[in-house]
Structures are given as structure tokens and as C-alpha cells.
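Summary of the model geometry
Residues per chain, in single letters:
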Amino acid sequence: MQRHFMQLGFLPGNNARIIRMAPFHGPLLVEVDGREIVIGRNIARHILVEEL
Amino acid sequence: MRFALVGQPNCGKSTLFNQVAGYKAATGNFSGTTVTFTETKVRVLGNIVELVDLPGTYSLLGTNPAERVVLDYLVSNEVDAIINVVDATHLAQGIALTLELLELNRPLILAVNMMDEAARQGIHIDGEKLQDILHIPVLPIIATKGQGVRNVFATAWQAGKEHKNAQRQRYSEELEQQISRIATLVKSVDLPIGSQALALKLLEGDPPLTEQVGRKVQGIESEVQSAVDKLCHITSRQAIWLVSKERHDLAISICDQVLVKATKRFTLRDRLDDYLLHPVFGYIFLVAVLFLFFWVVNGIGGLIEKPLIQLADTLNNKLLQTFNDQGLLAQILSGALQGFTGGLAIVMPYLTPFLIGLGFLEDVGYLPRIAFLMDSLMHRMGLHGKAVVPFILGYGCNVSSIMSTRIMEDKRDRFLSALLSSMVPCSARMAVIFGLAAFYLGPVYGVGIYFLNIVVIALTGRIISHFLPEDSPGLILEMPVYRFPTLRTVTSKAWLRIREFIVEAWPLLIVGSVILAVMNYYQLSQITDVIFRPITWLIGLPSQVGTPLIFGILRKELSLVMLGQALGSMNFDQVLTKIQMLSYTLFVVFYIPCLATLLAIRKELGMKSMLTITAITLLVAVVVALLARIVMLPILD
């Protein structure tokens, strides 16, 4: 799981931007390293971010 | 000589493969289309070369069975040259995998794909500079148009012949120290990958590989552990993160040197998601797309089915009249004719527009958007969001959806999505829905059945996940950019599946119909009808439909083609009541997956899962058909 995340570009020190959220408590569309990735909220909760 | 195509998901490996192999590997604009390897022979500079298309992977240490295939293949098979395909529009991520491939110390070619898309986005890549940094050949290609493909293979041939092994880049001093320390320890291990590559993989922590090496080198686990501890002490990071981070940073710095990015112009295509993923318009559009798709398939199919069915029935009556009796020969000929015309009149008219439409939606990249919009529903079924890929593929063929469950890590998720996606009406059952329910009861029933199907699958998923509880982590899916599909890929993809129907299913339809004719003649079908009698009685169907249902397990189309034969007419409204047509269609949609799907389930998940899925789907089918009979009786009759 951790590894899969890493491969998608969720690495320490990387920038991420939430582009949009799906309704009904749906997933988030996040841009990391110029790639758009859909992640469920359950996982998103485990990502620690600092606001920029 | 053997070449392997390696690259990240959705970078166009299979498209490149198909350019040289003819259409053999399934493609689509989303990750995880290829889950196993496809091999073909191609001619390069007058020599025959084996070409292998491997599943897309973000890294060589795969996290799921599909990705695992890549490292296993490269470790156990002699590959003379690796062709690494990267997406020019996501160069940095692609290069991270390239750096990992460089470690393998094999001849390596970098094919930078989608140069047209990159140009559109104002990205310029200095190929020569990239070549100087990586010390491997770098070639631009546009796989969809076949540009540069010949050059790639010629270069790969040259590299393979001269054994031009790639050299890896150097990482930080601390890491290099540990790599060379572990590398000297594992020097004696006889694997096709070099000792330094092996050392890196051990540091990153790959349990199966560590175990494999552990059997040959005593105490390697503790050595690796102490190296990991030492690195953690110096850098305050786990080795697995450290290695990825270094590759990632190196990839970024390489990209900075070779990439010139113009300020991005926002075109309509970039803005499209503002509408298509909009909380309100997104769903309106989704319903509209599905409705349009349905309407076109139904319209075209119905237009062709009507005259063909009449022609088939007239021909059949003529045939029986000519023989003027009910002799065995007449019955056999009539059976063969019905099998043939059944495929022509009720399957092909719907199958063709359906497959072209599905291929178009796949290639545009709309399907992952459906996943985005529908994820909260999937969640309520207790499913991993990734399960959306098997679901979508299931509308084409359930065998490919079963295969695609390999993109999931967890066995429980794999079982659940195999079960649920085997209930997704494939193109064969689509023919039953359109040819029987929509054609005789009206299009609204066709739409209704598709909708009901989703509801039933969701309910089943909810009930089953109650018995197999687990907090599913949710969706992780890469969102591809929209691509305009080429006519050629869409038609050849449709043709691949239509050909499969013509070659594999159609003969079976004819043979099955002949067997039924013989069985009818000797009144043997009454015996087989008995097997399904408890069910057919329960859902209010004539006993003769039992045999078509049994044959339907072989190929779902048979349940429709043989139905006409068992009942004596292809004009179903003369031999079945409306409510019977509805419960028959519903039963066929849900009951037992076809033989090919069952075998795929056994192969992927084992005998026990296969039998469980058979039992559950049968139960679901009976319940749904029975409920429909009770609820719809006052409305339909």
C-alpha cells in the first residue's frame, strides 16, 4: 500500500494539489508531479500535508 | 532474440505492440488493461524477434500480481533488449522507472511515446541530451500512428546484438556504501540480474526475493536489516523511502535538464473535466452518455434484427416444408439453420455497434471518469475502488474482467470483485437483453434491466461484504488525459472481439442447435429439462427452456438462440408471455457465469471460489427472476 502510494508520487517533500472532489463523500482528484490521481477519502485521510 | 516492452501504466506499450503484431493485445485509455504478458514474433531487419508486452508498472517491485509479472519475467527469462516506453507528457515519472531498469545492467532502449500530445502541450524534450545523461539510445515515437516504431526495433536489435549493457546512475554516498557492501555478499547468487541490482532490491525490501536469496546466502536477512538500520540512522528515513526518493529526485533533476515546457495553454480539452466531473452536470452527462449509447445500440440492432428474424423464420418453415416431414435429417438441417441465423439475426446486429461504442468510450478515457463519479456507490458495495476496471471490462467479456482482478492486492477484494463482475452483463448477455427484452417488451425494459443489474450487484456486494468484512482502502486510480481515439484502433479492437465470436461462439451455436434438434427428435431434451425444472417451475417458465439454459452455460448466446428452437419459433411473442420473457432474460443475466469465465475463475482464484460463485449467482438469479415475476405480473399481463 505504502509502496503503491510512493510509486504514484506521494513522496515526502512533494507538492500535491486537490483539483476537485466527488460528491456524496466521493474520492478526491489530486495533482501530484503533474499527474492526476483519484484517491478515496479513507486514504486521503492518511496523507499528512502542510498548506502552501 | 527477445525484446521486452516495459513501461508505466497507460504509456502505450500495448499500442506499440499492436502496431507491429496486428491487433493482439487489448488496449484502453486507463491503467491496468494489460495484466499478463502477450508474446508475438516480429521481423526486424530481416530477422525474427520475439516481442513481449508486459503489464504496466510504476516500479519493478510490483505491489500486485499484475505488476509482479514484470520483475518475475525479467529475472527468469533471457531478454536480449528491454524497450522502455515512457509517456512524453509525464517524463519525470517515466524516468524514475527507467533509472530502475538501468540498474538491471541489460541493453536498454528508451522510446519516448506520445510526442504529438507533448507538442500539443508545448513540451519540448532534448533527446540528445537525455541520451548523453542516461547513456542509452533515446528515440521519439508516436505509437498510435506508428511513427518511429521501426527505428526503435532496429536500435534494439543493434543494442541486443552488441550486448550494450546499460549502466545505472550513482545515488548518494551513504546509499552507495550499503549497496556495494550487500552486493559483495550476494555475488555468489546465480540470478540473471546483477549483484548491485539485487542488493538494491534487497534494501528496498522485497519479501519473496529476500527469501530466495536467504536460502543461498546464510544470514543475509540480518545483514540487510543492519544496512537498513544504518541508513535510517544517517538519513532518518526507511531504505524503501530513501531509494524511491533518490530515484524520484534524480528523475526530476534529469527532466529539468532536458525538458522545456512552454506555459500551458488551456484548451477545451483541458477544461472538459470542469463539466464532465461537475457534481451536477457530471451525473447528467453520465446518464446522457449511457442513454445515448444504449439508444444507438438498440436502434441499430432492432432495425437489423426485425427483417432478419422474419427471414430466418420463413427460411426455416420453407426448409421443413420441403422435407415435408419431421424426419431426423430435416430436424438436423433446421437446427443448423437456426443456430446460424440466430447468430446472424440476434447477436451480430447488437454486438457490432455495442463493441464499437465500448471501444470508443475506452479509448477516449471516459471510463475512469465514471469510476470517479461512481466511487461512493462502489464503496457501499464494500468494494475497493480499483474494482471498477473489472466491472467496466465485464460489459465486454467477463473473462477479461476476471483476469483484471489481478490488479488488486488482496485476495478478499479479488474474490468479491470476481463474483460481482461476473454478474455484469457481458456482450453475449447484452444480446439476450436487447434481442429478447428490449425488442419485445420495449426499450425501457432494456434500460431497466441494466439499471436493475447494477442495483442487484450492489445489494449482493453489500450482503457478501457483510460476511467478508474489511475496511477497503478505497479508490486509487490514475486519471488519464482525454485522447481522441483513432478509427483504426477502435475498429480493430471491435474486430478482435467480433472475430472471437465468429470463430469460437458461432460454430458452438450451430453445433449446440444441431444437438438440441437431435435431442428433441429422440425426445431426450425432456430428460435435461428435468434438471432445471425446479427452477423453471419456480419462475414460471415452460419446461422446454431447461435445455437452452444448460447449454447457455457453455455460451450465453446459446440460451437465446436455442430458446427459439426449443419453443418452435424465433418470434418469441408467439410462444412466450411477456412476463415469461422478462423472467427468462433476468435469469439468464444473473445465473452461473459461462464456461470460459468459470475456468478463468478457477485459474485465478481456485476451485472453491469457482463453486461458491456458481452457487451465489444461481441463487441471485432465482431470487431476482422470482421477484420480477411477482412484482411485474399485474403490470405486464
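Residues numbered from 1 in each chain as written. Chains lettered and ligands numbered in written order. Predicted model: local features only at pLDDT ≥ 70, side-chain atom pairs only at ≥ 80, totals over all residues.

**Looking at the overall build of chain B**
Heads up, the rule is: Starting at the N terminus, helices and strands are each numbered in turn, a helix being any DSSP run of H or I of at least four residues and a strand any DSSP run of E of at least two. It is over C-alpha atoms that the radius of gyration is taken, and the globule rule equals 2.2 Å times the number of residues to the power 0.38. Exposed residues have 12 or fewer other C-beta atoms within 10 Å of their own C-beta, buried residues have 20 or more, and partly exposed residues fall in between, where C-beta atoms are placed from the backbone. By definition, residues are in contact whenever their C-beta atoms, placed on the basis of the backbone, come within 7 Å of each other.
Check the secondary structure of chain B and you find 28 helices and 9 strands. Here the C-alpha radius of gyration of chain B, 28 Å, is about what a compact globule of 637 residues would show, namely 26 Å. Relative to its full complement of 637 residues, chain B shows a buried share of 50%. Relative to all contacts within chain B whose residues are 6 or more apart in sequence, the contacts with residues 24 or more apart total 74%.

**Comments concerning the overall build of chain A**
Per the secondary structure count, chain A includes 2 helices and 3 strands. The C-alpha radius of gyration of chain A comes to 11 Å, within 12% of the 10 Å expected for a compact globule of 52 residues. Within chain A, the proportion of its 52 residues that are buried is 27%. Long-range pairs, those at least 24 residues apart, make up 19% of the contacts in chain A with a sequence separation of at least 6.

**Brief notes about the pairing of strand E1 (residues 16-21) of chain A**
Residue and element names in this part refer to chain A. The test is simple: Strands qualify as paired when DSSP identifies two bridges or more between them.
Sheet topology places E1 next to strand E2 (residues 28-32); 5 bridges connect them, and they run antiparallel. From the neighbouring strand, Ala16 faces E2, where its bridge partner is Val32. Joining the antiparallel neighbours E1 and E2 is a turn of 6 residues, in which Phe24 adopts a positive phi near 55°.

**Quick look at the interface of chain A and chain B**
In this complex, chain A contributes 28 residues to the contact, which on the side of chain B involves 27 residues. Every element with two or more residues in the side of chain A that touches chain B is listed here: helix H1 (2-7), strand E3 (35-39) and helix H2 (41-44) of chain A. Among the elements that take part in the side of chain A that touches chain B, E3 of chain A stands out by supplying 5 residues, more than any other. Note: E3 of chain A against strand E9 (residues 476-479) of chain B, 4 bridges, orientation antiparallel. Counterpart to Ile37 of chain A in the pairing with E9 of chain B is Glu478 of chain B.

**Some details on the confidence of the model for chain B**
Keep this limit in mind: What pLDDT reports is the predictor's confidence in each residue, on a scale of 0 through 100.
Residues of chain B with pLDDT of at least 70 account for 95%, and the chain-wide mean is 85. Quick note on the complex model: pTM equals 0.77, ipTM equals 0.87.

**Concerning the sheet that holds strand E3 (residues 47-53) of chain B**
Residue and element names in this part refer to chain B. The cut-off we apply is this: Working convention: axes come from line fits to C-alpha atoms, limited for helices to the stretch in contact. Angles between N-to-C directions cover 0 to 180 degrees.
Strand order in the open sheet formed by 6 strands is E2-E3-E1-E4-E5-E7, with mixed pairing between adjacent strands. Only two strands of the sheet have a single partner each, and these edge strands are strand E2 (38-44) and strand E7 (138-140). Neighbouring strand axes in the sheet, compared pairwise and without regard to direction, differ in orientation by 25° on average. Strand direction decides the pairing type here: strand E1 (residues 2-7) and strand E4 (residues 81-87), joined by 5 bridges, are parallel. Each residue of the ladder has a partner; that of Gly7, found in E4, is Val85. In this fold helix H3 (residues 91-102) packs onto E1, E4 and strand E5 (108-113), with an angle of close to 165° to the strand it touches most, E4.

**Notes on the environment of Met374 of chain B**
Residues and elements named next belong to chain B. Structurally, the position occupied by Met374 is in helix H15 (residues 367-380). Met374 sits in the buried class, given 21 other C-beta atoms within 10 Å. Spatially, the C-alpha atoms of Met374 and Tyr283 are 9.2 Å apart, while their sequence positions differ by 91 residues.

**Looking at the packing of helix H21 (residues 487-521) of chain B against helix H24 (residues 558-567) of chain B**
Residues and elements named next belong to chain B. Put simply, the test is: When an angle is under 35 degrees it counts as roughly parallel; over 145 it counts as roughly antiparallel; between 65 and 115 it counts as roughly perpendicular; any other value is oblique. Helix crossings are classified by the rotation of the near helix relative to the far one: an anticlockwise turn of less than a right angle makes the crossing left-handed, while a clockwise turn makes it right-handed.
Contact geometry of H21 with H24 gives a least axis separation of 10 Å together with a crossing angle of 30°. The angle between H21 and H24 falls in the class roughly parallel. Between H21 and H24 the crossing geometry is right-handed. Facing Leu509, Gly512, Ser513 and Leu516 of H21, the residues of H24 in contact are Leu558, Val561, Met562, Gln565 and Ala566.

**Some remarks on the nonpolar core**
The criterion, for reference: By definition, a nonpolar core groups buried Ala, Val, Leu, Ile, Met, Phe, Trp, Tyr and Cys residues that connect through C-beta atoms lying within 7 Å of each other.
Counting residues in each nonpolar core, the largest one holds 116 residues, and the members touching the most others are Val38 of chain A together with Ala431, Ala437, Leu586, Phe587 and Phe590 of chain B. Tallying contributions element by element places helix H19 (residues 427-441) of chain B first for this core, with 11 residues. If we skip the residues at most four places from it in the chain, Leu586 of chain B touches Ile449, Val624, Ala625 and Ala628 of chain B. With 76 residues, the next largest nonpolar core counts Val49, Val152, Ala197 and Val224 of chain B among its residues.

**Here we look at helix H20 (residues 443-467) of chain B**
Residue and element names in this part refer to chain B. Rules: To estimate the expected span of a helix, count its residues, drop one, and scale the result by 1.5 Å.
With 25 residues, H20 ought to run about 36 Å at 1.5 Å a step, and its terminal C-alpha atoms sit 37 Å apart, in line with that. Listed as buried for H20 are Tyr445, Gly446, Ile449, Val456, Ile457, Thr460 and Gly461. Residues of H20 that are buried make contact with helix H13 (281-323), helix H18 (411-421), H19, helix H26 (578-590) and helix H28 (607-636).

**Topic: the pairing of E2 of chain B**
Residue and element names in this part refer to chain B. The sheet contact formed by E2 and E3 spans 7 bridges and is antiparallel. Bridged to Arg43 within E3 is Ile48. Counted along the chain from E2 to the antiparallel partner E3, the turn is 2 residues long, and its residue Leu45 has a positive phi close to 50°.

**Brief notes about unusual backbone geometry**
All names here are of chain B. Here the phi dihedral of Asn10 falls at roughly 60°; this positive angle occurs in a residue that is not glycine. Here Asn10 lies in the loop between E1 and helix H1 (13-21). Even without glycine at this site, Met114 takes up a positive phi of about 60°. Tracing the chain through its elements places Met114 in the loop between E5 and helix H4 (115-120).

**A word on the environment of Gly359 of chain B**
Relative to the elements of secondary structure, Gly359 of chain B occurs in helix H14 (residues 328-364). The contacts of Gly359 of chain B, once residues within four sequence positions are left out, are Val490, Lys493 and Ala494 of chain B.

**Digging into the confidence of the model for chain A**
Mean pLDDT over chain A works out to 79, with 94% of the residues at or above the 70 mark. When the elements of chain A are averaged for pLDDT, H1 of chain A gives the smallest value, 71, and E2 of chain A the largest, 86.

**Things to note about the sheet that holds E1 of chain A**
The 4 strands lie next to each other as E1(A)-E2(A)-E3(A)-E9(B), forming an open sheet whose pairing is antiparallel. At either margin of the open sheet sits one strand with a lone partner, and together these are E1 of chain A together with E9 of chain B. Across the sheet, the axes of successive neighbouring strands diverge by a mean angle of 30°, strand direction being ignored. With 5 bridges joining them, E2 of chain A and E3 of chain A adopt antiparallel strand pairing.

**Some details on H1 of chain B**
All names here are of chain B. Of all 9 residues in H1, 7 are buried; the element is thus mostly enclosed. Three or more residues of H1 are buried, namely Lys13, Ser14, Thr15, Leu16, Phe17, Asn18 and Gln19. Lining the buried residues of H1 we find E1, E2, E3, E4, E5 and helix H6 (149-161). At the C-terminal side of H1, Gly22 shows a positive phi close to 75°.

**A look at the environment of Leu198 of chain B**
Residue and element names in this part refer to chain B. With respect to the secondary-structure elements, Leu198 resides in helix H8 (residues 195-204). Remark: the alpha-carbon pair of Leu198 and Leu104, spanning 94 residues in sequence, is separated by 8.5 Å. When neighbours within four sequence positions are excluded, Leu198 is seen to be in contact with Val186, Val189, Leu191, Ile193 and Val213.

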